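Coordinate analysis (summary)
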Amino acid sequence: MDEPPARARRAARSGPAAPAGAGTSPAAGHGKEAGRRRRPRRHQSCRYPEAVERLVRAHPVVVFMKGSPAQPLCGFSNAVVQILRLHGVQDYRAHDVLQDPDLRQGIKNYSNWPTIPQVYLNGEFVGGCDILLQMHQNGDLVEELKKLGIRSALLDAEKDQDKK
């Protein structure tokens, strides 16, 4: 029997989608808030692919993640933040996709990659957490950062180890 494509296998594992509007009502139907839906903050420019591209190209290092670098809201986003921190990359743009459903879907459509976080270097999609971790482990991230004019802090740590 032929195996379904990977995307179909992932969709089958994830189960049914939540109904529209699920979890958006604040007081779970109690009090004067009943019936009102809390609207997430929308990133004004993310309704079109060109707007997503502007975000991707706005800075040499861009991360689309769940939460913020100061408070990542998923383990994979946290791992990306930690890897960048290990390399001393402090100047990067982070976009919290949980704040804007249009941005969350828009970046997935733009990259044709189904998961978050997503890392972009110089406007080019690098991958998610697993790819960034692999690049960190094999030294490719140091080289890619160098192309952006960013010297990895790991090179300095290595130099300090050699002096001891």
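To start, this report covers the structure provided alongside it.

Cut-off values and rules
Residues numbered from 1 in each chain as written. Predicted model: local features only at pLDDT ≥ 70, side-chain atom pairs only at ≥ 80, totals over all residues. Heavy atoms only, no water. Helix = DSSP H or I, 4+ residues; strand = E, 2+ residues; numbered from the N terminus. Buried < 20%, exposed > 50% of the residue type's maximum accessible area, 1.4 Å probe, protein only. Contact = heavy atoms within 4.5 Å. Areas by Shrake-Rupley, 256 points an atom, 1.4 Å probe, with all protein chains shown as cover. Axes fitted to C-alpha atoms, helices over the stretch in contact; angles between N-to-C directions. Parallel < 35°, antiparallel > 145°, perpendicular 65-115°, else oblique. Nonpolar A, V, L, I, M, F, W, Y, C, P; charged D, E, K, R; others polar. Pairing = 2+ DSSP bridges. Salt bridge = Lys/Arg side-chain N within 4 Å of Asp/Glu carboxyl O.

The next thing to look at is the overall build of the protein chain. Across its full length, the protein chain holds seven helices and four strands. Expressed as a percentage of its 164 residues, the buried residues of the protein chain come to 27%. Contacts in the protein chain between residues at least 24 apart in sequence constitute 58% of all its contacts with a sequence separation of at least 6. Counting every atom, the protein chain has about 11000 Å² of accessible surface; 50% of that belongs to carbon and sulfur.

Attention shifts here to the packing of helix α5 (residues 129–138) against helix α6 (residues 140–147). Following both chains from N to C, one finds α5 and α6 inclined at 95°, their axes separated by 5 Å at the closest point. The orientation of α5 relative to α6 falls into the category roughly perpendicular. Packed against α5, whose contacting residues are L132, M135, H136 and N138, the element α6 presents D140, L141 and E144 at the interface. A per-class count over the contact of α5 with α6 returns three nonpolar, two polar and two charged.

A word on the sheet that holds strand β2 (residues 93–96). Taken together, four strands build an open sheet; the order of strands is β2-β1-β3-β4 and the sheet is mixed. With one partner strand each, in any of the chains shown, β2 and β4 (124–127) form the two edges of the open sheet. Here the average twist between neighbouring strands, direction ignored, is 25°. Here helix α4 (residues 101–111) sits on the sheet and contacts β1 (61–65), β2, β3 (118–121) and β4; the angle it forms with β3, its principal contact strand, is near 60°.

This part covers the side chain of S77. Positionally, S77 belongs in helix α3 (residues 75–86). Once residues within four sequence positions are removed from consideration, S77 is found in contact with M65, K66, P72 and P117.

For Q99, the position within the fold is in the loop between β2 and α4. Sequence separation of Q99 and K66 is 33 residues, and the distance between their C-alpha atoms is 8.6 Å.

Moving on to the pattern of salt bridges. Two side chains of opposite charge can pair, provided their charged atoms sit close to one another. In the structure shown here, the tally under the stated rule is five salt bridges. Notably, a salt bridge pairs E53 with R57, separated by 3.0 Å at the nearest N-O pair. Of the two residues, E53 and R57 are both situated in helix α2 (residues 49–57); the distance of four residues between them amounts to about one turn of the helix. On the accessibility criterion, E53 (31% relative accessible area) is partly exposed.

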